[in-house]
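A look at the structure
Letter by letter, the chains look like this.
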Amino acid sequence: MASLVLSSLCFPSRKPCSLTSSLRFSSGAPIQSRFGAPLFVGFGSVSKRNGRTKASVDSRAYTLVFRDLDADDFRHPLDKQNTLLLRAIPGLNEIGRAILGTVTEQIMLLENIGSSVLVSENQLSELHKLMIEAAGILNIEPPDLYVRQSPVPNAYTLAISGKKPFVIIHTSLVELLTRKELQAVLAHELGHLKCDHGVWLTFANLLTLGAYSLPGLGGFIAQRLEEQLIRWLRAAELTCDRAALLVAQDPKVVISVLMRLAGGCPSMADQLNVDAFLEQARSYEKASSSPIGWYIRNAQTRQLSHPLPVLRAREIDEWSRSREYGNLLKRATQMSM
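Residues numbered from 1 in each chain as written. Predicted model: local features only at pLDDT ≥ 70, side-chain atom pairs only at ≥ 80, totals over all residues. Heavy atoms only, no water.

As annotated in an unreviewed UniProt entry, the protein chain carries the name Peptidase M48 domain-containing protein and is attributed to Hibiscus sabdariffa.

1. Considerations on the nonpolar core
The biggest cluster of nonpolar side chains holds 60 residues, and the ones touching the most others in it are Leu-138, Ile-169 and Leu-246. Ranked by the residues each element gives to this core, the list is headed by helix 7 (residues 179-195), at eight residues. Sequence-distant contacts of Leu-246, defined by excluding residues within four places in its chain, comprise Phe-66, Leu-69, Phe-74, Ile-137, Leu-138, Trp-319, Tyr-325 and Leu-328. One finds Tyr-146, Leu-158, Phe-166 and Ile-168 within the second-largest nonpolar core, a separate group that totals six residues. (Core = buried A, V, L, I, M, F, W, Y, C linked by side-chain atoms within 4.5 Å. Buried < 20%, exposed > 50% of the residue type's maximum accessible area, 1.4 Å probe, protein only. Helix = DSSP H or I, 4+ residues; strand = E, 2+ residues; numbered from the N terminus. Contact = heavy atoms within 4.5 Å.)

2. Topic: the confidence of the model for the protein chain
On average, the protein chain scores 75 in pLDDT, and the residues at 70 or more come to 64%. For the protein chain, per-element mean pLDDT is lowest for helix 1 (residues 19-22), which scores 28, and highest for helix 5 (residues 125-137), which scores 96. Scored below 50 in pLDDT, residues 14-61 shows 168 contacts in the model against residues more than four places distant or in partner chains. (pLDDT = per-residue confidence, 0-100.)

3. Focus: the packing of helix 10 (residues 251-263) against helix 11 (residues 274-287)
Between helix 10 and helix 11, whose axes approach to 10 Å, the crossing angle comes to 75°. The orientation of helix 10 relative to helix 11 falls into the category roughly perpendicular. Mapping the contact onto sequence places Lys-252, Ile-255, Ser-256, Leu-258, Met-259 and Ala-262 in helix 10 and Val-274, Asp-275, Phe-277 and Leu-278 in helix 11. (Axes fitted to C-alpha atoms, helices over the stretch in contact; angles between N-to-C directions. Parallel < 35°, antiparallel > 145°, perpendicular 65-115°, else oblique.)

4. Things to note about helix 7
For helix 7, spanning 17 residues, the distance from its first C-alpha to its last is 24 Å, which sits close to the expected 24 Å at 1.5 Å a residue. Of all 17 residues making up helix 7, 16 are buried, and the element is well covered by its neighbours. Downstream of helix 7 by a residue or two, Asp-196 has a phi angle that is positive, lying close to 50°. (Expected span 1.5 Å × (residues − 1).)

5. Here we look at helix 11
Its 14 residues place the ends of helix 11 20 Å apart at the C-alpha level, agreeing with the 20 Å of an ideal helix rising 1.5 Å per residue. What helix 11 keeps buried is the set Val-274, Phe-277, Leu-278, Ala-281 and Tyr-284. Summarising the axial view, the buried residues of helix 11 lie within an arc of 115°, below the 170-degree limit, and thus occupy one face. Turned more than 90 degrees from where helix 11 packs its buried face, Lys-286 and Ala-287 sit exposed. Capping of helix 11 at its N-terminal end is provided by Asn-273; its side-chain oxygen lies 2.9 Å from the backbone amide nitrogen of Asp-275. (Arc of directions from axis to C-beta. Polar contact = N/O pair within 3.5 Å; in protein donor to acceptor, adjacent residues only side chain to side chain.)

6. Details of unusual backbone geometry
Unlike most non-glycine residues, Leu-124 shows phi in positive territory, near 55°. For Leu-124, a relative accessible area of 40% corresponds to the partly exposed category. With a phi angle near 55°, Gln-249 is a residue other than glycine that sits in the positive phi range. In this fold, Gln-249 is placed in the loop between helix 9 (223-248) and helix 10.

7. Quick notes on the pattern of salt bridges
Any two side chains of opposite charge can pair, so long as their charged atoms come close to each other. According to the stated counting rule, one finds 15 salt bridges in the structure shown. When the shortest N-O distance is used, the salt bridge between Asp-68 and Arg-331 registers 3.5 Å. Note that Asp-68 is positioned in the loop between strand 4 (62-65) and helix 2 (77-87) and Arg-331 in helix 14 (residues 323-331), a separation of 263 residues in sequence. Among the residues examined, Arg-331 registers a relative accessible area of 38% and is labelled partly exposed. (Salt bridge = Lys/Arg side-chain N within 4 Å of Asp/Glu carboxyl O.)

8. Points about the packing of helix 7 against helix 10
Where helix 7 meets helix 10, the closest approach of the two axes is 9 Å, and the angle between their N-to-C directions is 90°. It follows from the interaxial angle that helix 7 and helix 10 lie roughly perpendicular. In this structure, helix 7 contributes Lys-180, Glu-181, Ala-184 and Val-185 to the contact, and helix 10 contributes Val-253, Ser-256, Val-257 and Arg-260. Here the contact of helix 7 with helix 10 is composed, by residue class, of four nonpolar, one polar and three charged. (Nonpolar A, V, L, I, M, F, W, Y, C, P; charged D, E, K, R; others polar.)

Structure, rendered in structure tokens:
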């Protein structure tokens, strides 16, 4: 099995760029592990000001920890369905070995950490605490966390066999989001690791990065396989949004992240309205429910690496009100300060 995995948070990319220049905008996931009780840090809340919903950071006397959480407890049905379809494709792992090798792994590893800042207890300690707590809530060993200078708000994960996985977040994302929203982003990335999304996510990442333009790759991966991988990747993103909700434990925090990534900026952050964005999501669903709308929607999204932000917002809103999510909260352990 190919050993390299990338995971990204946000952007539904269509047009690939060159491999080395586009690594920082990549997408994907996984090595399953476990982690004990988390350190406590303040959770964010959602408050109303002048009729607008705004996420902010506050403190609670407790948080919920999922000590016995299994990936299938929150995996999205489309993720399960598309995973089964991929498993039915013969020779997928062999293709991975042909595509990925030690040199490719090292290029990606060094390219991503060579110009970033490693977060620790003594370096950007607040972000370190957010990662430790998120990993503890999801019952997974925390990866290393790096902060990288970039004007493009994004976050992604790199995992190489035999090496500790790490998450990179861009400085523009730190500027755009509240601390609670940042923790939801970290939880999204941890969701890929928790779900062990594996070699198929590596393929999908390389395709979205333009790897299919590399010499010889076109002979290995047919267009049908490419479309199936991208379809699976979109489903995997819905799963990881659920991981973000399990950590945030407030759907408006996760939806606020999606809203800000769709059209937010620091100067207008206090004017964004989560409820209005949810209404926008419902309007999109209604507009695309007709036969013509359904066709246009499929044509619009079939080549995207991530679902549209409004669709992700609707999905997380619905799951937050589901019996499945409620049962997970009942199973969780309350951890006092």
